[in-house]
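# Report on the structure
So you can see what is in the structure, the chains are spelled out below.
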Amino acid sequence: PTVERVDDGQLEILCIGTLHEVKGQRYLVEACRLLRDEGIDVVCKLIGEGPDRKALTGQISAAGLENRVMLLGRRDRDGKGEARGAYGECAVPGV
């Protein structure tokens, strides 16, 4: 994922990809939990849809990250391009 610190010190993470176990988003959610627990102001936005949406929603809820990790759903190419442009380079995690 691409990581960017904004002026207020918040760590913003963007991840674009199909919500599927091989993409590794569950590890990203866990990393966000660990960062939050260490006192880091983190926000993570995931663009995409897929079979793991329900599991990720449950993981986010169980970790109390509803206001920090957002599943934004599918975006068209223009929407993905705008997001990438706002964050510079973008990488997709995978396992």
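Figured I'd write up the structure that's included with this text. (Residues numbered from 1 in each chain as written. Predicted model: local features only at pLDDT ≥ 70, side-chain atom pairs only at ≥ 80, totals over all residues. Heavy atoms only, no water.)

Moving on, we get to the side chain of Arg 68. Summarising the element assignment, Arg 68 is placed in the loop between helix 2 (53–62) and strand 4 (69–73). Polar side-chain contacts of Arg 68 include one of 3.0 Å to the side chain of Asp 41. Look past the residues within four positions of Arg 68 in its chain and what remains in contact with it is Arg 36, Ile 40, Asp 41, Val 42, Val 43 and Cys 44. (Helix = DSSP H or I, 4+ residues; strand = E, 2+ residues; numbered from the N terminus. Polar contact = N/O pair within 3.5 Å; in protein donor to acceptor, adjacent residues only side chain to side chain. Contact = heavy atoms within 4.5 Å.)

With respect to the helices and strands, Arg 53 occurs in helix 2. With a relative accessible area of 28%, Arg 53 lands in the partly exposed category. Along the chain, Arg 53 and Leu 19 lie 34 residues apart, while their C-alpha atoms are 6.0 Å from each other. Residues contacting Arg 53, with those up to four places away along its chain left out, are Leu 19, Gly 48, Leu 71 and Gly 73. (Buried < 20%, exposed > 50% of the residue type's maximum accessible area, 1.4 Å probe, protein only.)

Another point: the nonpolar core. Among the nonpolar cores identified, the biggest contains 16 residues, and Ile 13, Cys 32, Cys 44, Leu 46, Leu 65 and Val 69 are the most heavily contacted of them. Among the elements of the structure, strand 2 (11–16), helix 1 (25–37), strand 3 (42–47), helix 2 and strand 4 are those that each provide at least two residues to this core. Sequence-distant contacts of Leu 46, defined by excluding residues within four places in its chain, comprise Cys 15, Leu 19, Gln 25, Val 69, Met 70, Leu 71, Leu 72 and Gly 73. (Core = buried A, V, L, I, M, F, W, Y, C linked by side-chain atoms within 4.5 Å.)

So, about the pairing of strand 2. When a strand is regular, its side chains alternate between the sheet's two faces. Across the six residues of strand 2, six count as buried, placing the element largely inside the fold. Residues of strand 2 alternate between two faces, with Leu 11, Ile 13 and Cys 15 on one and Glu 12, Leu 14 and Ile 16 on the opposite face, all of them buried. Across six bridges, the pairing between strand 2 and strand 3 is parallel. The residue bridging Leu 11 from the neighbouring strand is Val 42, located in strand 3. (Pairing = 2+ DSSP bridges.)

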